[in-house]
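Descriptive analysis of the structure
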Amino acid sequence: MATVHEPDDWSIGLINTLLSIGPGLIPPRVCLDVGVGTGIVILAAACTWKRSQTRFMGCDLNSNAIVNTAFNFRLHRLTARLQLIQMNASSEVIPKAHEVDLVILNVPQIRRPEVAQGQPYPGELNNDYYVSCKTSQSDAVEAFGLGLVRDIILNLTQQISPSARLILNWSSRVPRRVFTELLNQTGLRLVQCGPKFDVLDEHSDLTDMAQAERAHHQHGRYYLDGKCVNACYLASVAPRPRDIQIKLMSMLIERKRET
């Protein structure tokens with residue numbers, strides 16, 4: 001049985017954004033967390049809009065995530081406002097998604113099939129997790145590892161309310177022009193940025209990111225010993241430096257308005 005991926009800096013970034021800009025937003029009718037995990041992010045949303053009538057939905061492929069999230073909501077006596085949905089690998093339609101007007105999207109952490117069969121790959125994120133994404137070098141969005149995010153957004157925007165907004169993460173290892181291209185490909189626009197903070201980057205595949213930088217002549221930003229460097233430089237350094245940092249920020253986005 002799969003375990004639940006522990007909250008990481010990406011989850012904390014979403015929580016910080018909810019706590020900082022959430023009180024200034026009109027409370028959503030329905031807030032959906034895609035890849036709910038431990039439930040800590042959707043719980044932060046529930047605490048942000050505790051005095052509202054907002055309902056909360058969480059979906060995940062992992063049955064343990066469903067159980068864990070339900071437990072955390074029970075601890076805070078918020079279960080009556082929560083709906084959890086167990087998805088499977090072929091699930092594309094989220095029940096009642098048309099009612100959703102705010103989506104929280106963190107890149108899902110998916111167990112390697114080999115790990116599920118008892119053959120872990122040492123050195124991966126938490127030893128047995130990886131971020132699933134397309135890696136075509138001809139498309140900058142895919143080359144920089146945002147293919148899965150784009151596909152999830154395109155699927156979601158066909159189901160959720162036309163006026164719905166999304167909150168998702170951006171890190172400085174992805175050039176801003178590539179993030180802008182992601183928004184263009186999904187028909188979205190930036191509304192507001194959350195707080196930016198520094199986190200350790202211990203798990204990037206620097207070889208893949210360097211290849212993407214060379215292919216598209218765009219560079220991410222990493223920070224080493226107080227200096228801004230790119231993946232091409234870091235990939236040439238052996239052994240891998242331990243104190244690589246990136247800047248992390250969550251963003252509120254929405255559909256582009258027709259003119």
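Just above sits the structure.
These lines cover the structure that appears in this document, whether it is placed above or below.

Procedures and definitions
- Residues numbered from 1 in each chain as written.
- Predicted model: local features only at pLDDT ≥ 70, side-chain atom pairs only at ≥ 80, totals over all residues.
- Heavy atoms only, no water.
- Helix = DSSP H or I, 4+ residues; strand = E, 2+ residues; numbered from the N terminus.
- Buried < 20%, exposed > 50% of the residue type's maximum accessible area, 1.4 Å probe, protein only.
- Contact = heavy atoms within 4.5 Å.
- Areas by Shrake-Rupley, 256 points an atom, 1.4 Å probe, with all protein chains shown as cover.
- Core = buried A, V, L, I, M, F, W, Y, C linked by side-chain atoms within 4.5 Å.
- Axes fitted to C-alpha atoms, helices over the stretch in contact; angles between N-to-C directions.
- Parallel < 35°, antiparallel > 145°, perpendicular 65-115°, else oblique.
- Nonpolar A, V, L, I, M, F, W, Y, C, P; charged D, E, K, R; others polar.
- Phe/Tyr/Trp six-rings, centres within 6.5 Å; stacked < 30°, edge-to-face > 60°.
- Lys NZ or Arg CZ within 6 Å of the ring centre and 35° of its normal.
- Expected span 1.5 Å × (residues − 1).
- Polar contact = N/O pair within 3.5 Å; in protein donor to acceptor, adjacent residues only side chain to side chain.
- Left-handed = near helix turned anticlockwise from the far one by under 90°.

**Brief notes about the overall build of the protein chain**
A count of helices and strands for the protein chain gives 9 helices and 11 strands. Out of the 259 residues belonging to the protein chain, those deemed buried represent 49%. Here the analysis covers contacts within the protein chain between residues at least 6 apart in sequence; of these, 75% occur between residues at least 24 apart. By element, 50% of the accessible surface of the protein chain is carried by carbon and sulfur atoms, the whole surface being about 13400 Å².

**Concerning the nonpolar core**
The nonpolar side chains of a soluble globular protein tend to be buried with one another. Residues Leu32, Val34, Ile94, Val103, Leu168 and Tyr222 are the most contacted members of the largest nonpolar core, which totals 50 residues. Excluding residues within four positions of it along the chain, leucine 168 makes contact with Leu14, Leu105, Val149, Ile153, Phe179, Leu182, Met249, Ser250, Met251 and Ile253. The next biggest cluster of nonpolar side chains, apart from the first, holds 23 residues, and it includes Leu43, Ala44, Ala45 and Leu78.

**A closer look at the packing of helix 1 (residues 9-21) against helix 2 (residues 40-48)**
The N-to-C vectors of helix 1 and helix 2 enclose an angle of 10°; their axes lie 9 Å apart at closest approach. What the angle tells us is that helix 1 and helix 2 run roughly parallel. Contact with helix 1, carried on its side by Ser11, Leu14, Ile15, Leu18 and Leu19, involves Ile40, Val41, Ala44, Ala45 and Thr48 of helix 2 and no other residues of that element. A per-class count over the contact of helix 1 with helix 2 returns 8 nonpolar, 2 polar and no charged.

**Points about the packing of aromatic side chains**
Counted by the stated rule, this structure contains 0 aromatic pairs. Cation over ring: lysine 247 sits above tyrosine 223, and NZ or CZ is 4.9 Å from the ring centre.

**Let's talk about helix 3 (residues 63-75)**
The terminal C-alpha atoms of helix 3 lie 19 Å apart, and with 13 residues this matches the ideal 18 Å at 1.5 Å per residue to within 8%. Looking at the buried positions of helix 3, the neighbouring elements they touch are helix 2, strand 2 (55-60) and strand 3 (82-86). The N-capping residue of helix 3, defined by a side-chain oxygen 2.8 Å from the backbone nitrogen of asparagine 64, is asparagine 62. Just beyond helix 3, the residue with positive phi is arginine 77, at close to 55°.

**What to know about the packing of helix 6 (residues 147-157) against helix 7 (residues 176-186)**
When two helices pack together, their arrangement is given by the angle between the helix axes and the distance between those axes. The geometry of helix 6 relative to helix 7 is characterised by a closest axis approach of 10 Å and an angle of 30° between their N-to-C directions. Viewed along their axes, helix 6 and helix 7 adopt a mutual orientation that is roughly parallel. Here helix 6 runs over helix 7; the crossing is right-handed. Contacts between helix 6 and helix 7 involve Val149, Arg150, Ile153 and Leu154 from the former and Leu182, Gln185 and Thr186 from the latter. Broken down by class, the residue content of the contact of helix 6 with helix 7 amounts to 4 nonpolar, 2 polar and 1 charged.

**Remarks on the environment of leucine 43**
Within the secondary structure, leucine 43 is located in helix 2. Residue leucine 43 is classed as buried on the basis of its relative accessible area of 10%. As for leucine 43 and histidine 76, which are separated by 33 residues in sequence, their C-alpha atoms are 8.7 Å apart. Excluding its chain neighbours within four sequence positions, the residues that come into contact with leucine 43 are Asn72, Phe73, His76 and Leu78.

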